[in-house]
Amino acid sequence: MSGSKKKIIRSLWILMICAMVSFSAAFAFVRSYTSTGAPTSWFTQCIPIWLYNQESLTITQVAVEDDLQRALAEWEGVSCTDLSFAYQGVTTLDLIGFDPSEGALNQNTVSFVQERSNWLTDPLAVALTTVTSCQNETEVCAEGATIDADIEINEAYYVFTASEAEPQERRMDLLSILTHEFGHLIGLDHPPLPEATMYMSSVEGEIKKRDLAPDDEQGVCELFPLGDRRQCLLDSYNIQTGLPVVEEQVVSSDEGGCAHAQPRGIAILFYLLLSSSFIRALRNKYVQSERDYLS
Ligand SMILES: [Zn+2]
């Protein structure tokens, strides 16, 4: 083979590899899946979030709420998504996962776990997001439709600082961790891109996960595309009747993201939830640190 032909073939290979790398980089975000292989996705475009009423060991309540809302705003602020969160303030509901029993309250919560005896997964996991989705296809609940998600922050083994802390004081950055966990809450898993907010590991003092990478942005836009607005379901539900405990609650609406809850569809949904055991909680440990800072 002549030198020029070799050169052309080599150039083609380089082009192909570049194309493959750029293709994989452009579409590297990873969705979460149920055990039956269905991608998880919310059945609403507007997700209410509560903060569990237990103060952080090291961060003031005001700073925690500030970081929580900044993390939500980071995902909502992506220009190609209609995702909208509705922060509902502090709750006393202490429930991880979804309780389908009669009269049960279910809220999407963020909480701190401070006792090591209560942290039941890998101590190296900085946080844990528990997502509950419908496991079987039904008339009103698509397979993989998420109905609840809760985030636990591991203060039993880690020390956190708020985004307002001085850099030299920074331990695990709460804002970065929350931004990552909200990515899991909406249905994203870990991509193989270290620069992404959804990358699987974090280290002390790291703050780059506060800002979404293009890969994360593509993920949220795939899950919650523009023009796909659905109702905003707030508060909990009376499982027996399927009606929201608090009806007609309106979220302060910016750009029309949230609207009244619509009880009828929910009644059918929760009737079916009660009638079969197809709820499955995805409980994964996320954001593993590269070392245990407290041991
Ligand atoms: Zn993670």
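Residues numbered from 1 in each chain as written. Predicted model: local features only at pLDDT ≥ 70, side-chain atom pairs only at ≥ 80, totals over all residues.

### A few points about the overall build of the protein
In terms of helices and strands, the protein carries five helices and twelve strands. Counting the 295 residues in the protein, one finds 38% classified as buried. Within the protein, contacts between residues separated by at least 24 positions form 74% of all contacts whose residues are at least 6 apart in sequence. (Helix = DSSP H or I, 4+ residues; strand = E, 2+ residues; numbered from the N terminus. Buried ≥ 20, exposed ≤ 12 C-beta atoms within 10 Å, placed from the backbone. Contact = placed C-beta atoms within 7 Å.)

### So, the pairing of strand 7 (residues 145-154)
For strand 7, the buried fraction is high: ten of the ten residues fall into the buried class. With two bridges joining them, strand 2 (residues 41-42) and strand 7 adopt parallel strand pairing. Looking at strand 7, one finds that serine 41 is bridged to alanine 145. Sheet topology note: the strand 5 (residues 109-113)/strand 7 ladder contains four bridges and is parallel. Across the sheet, residue valine 113 finds its bridge partner in strand 7, namely asparagine 154. (Pairing = 2+ DSSP bridges.)

### Some details on the pairing of strand 4 (residues 84-91)
Direction of pairing for strand 3 (residues 46-52) relative to strand 4: parallel, over a ladder of six bridges. Looking at strand 4, one finds that tyrosine 52 is bridged to threonine 91. Between the parallel pair strand 3 and strand 4, the chain is carried across by helix 2 (residues 61-76), and the sense of this crossover is right-handed. (Right-handed = clockwise from strand over helix to strand, strands pointing away.)

### So, helix 2
With 16 residues, helix 2 extends 22 Å between its outermost C-alpha atoms, agreeing within 8% with the 22 Å of an ideal straight helix rising 1.5 Å per residue. Elements that come into contact with the buried residues of helix 2 comprise strand 3, strand 4, strand 5, helix 3 (174-186) and helix 4 (214-223). (Expected span 1.5 Å × (residues − 1).)

### Topic: helix 3
Relative to the 18 Å expected for 13 residues at 1.5 Å per residue, helix 3 spans 18 Å between its end C-alpha atoms, a close match to the ideal helical length. Glycine 187, located one to two residues past helix 3, shows a positive phi value of around 120°.

### Regarding the nonpolar core
Counting 46 residues, the largest nonpolar core has Leu174 and Ile186 as its most contacted members. Broken down by element, the residue count for this core peaks at seven residues, all from helix 3. Those residues in contact with leucine 174, other than ones at most four positions away along the chain, are Ile59, Val64, Asp67, Phe160, Thr161 and Ala162. (Core = buried A, V, L, I, M, F, W, Y, C linked by C-beta atoms within 7 Å.)

### Some thoughts on the confidence of the model for the protein
Taken residue by residue, the protein gives an average pLDDT of 74. The fraction at 70 or more is 65%. Of all helices and strands in the protein, the one with the weakest mean pLDDT is helix 5 (residues 263-275) (37), whereas helix 2 scores best (97). Within the model, the stretch residues 235-295 combines pLDDT values under 50 with 138 contacts to residues more than four positions away or in other chains. (pLDDT = per-residue confidence, 0-100.)

### Quick look at the packing of helix 2 against helix 3
Axis angle and axis distance: for two packed helices, these are the angle between their axes and the distance between the axes, and together they describe the pair. At a closest axis distance of 9 Å, the pairing of helix 2 and helix 3 adopts a crossing angle of 50°. Classified by the angle between their axes, helix 2 and helix 3 sit oblique to one another. Here helix 2 and helix 3 pass one another in a crossing that is right-handed. Contacts between helix 2 and helix 3 involve Val64, Asp67, Leu68, Arg70, Ala71, Leu72, Glu74 and Trp75 on the former and, on the latter, Leu174, Leu175, Leu178, Thr179, Phe182 and Ile186. (Axes fitted to C-alpha atoms, helices over the stretch in contact; angles between N-to-C directions. Parallel < 35°, antiparallel > 145°, perpendicular 65-115°, else oblique. Left-handed = near helix turned anticlockwise from the far one by under 90°.)

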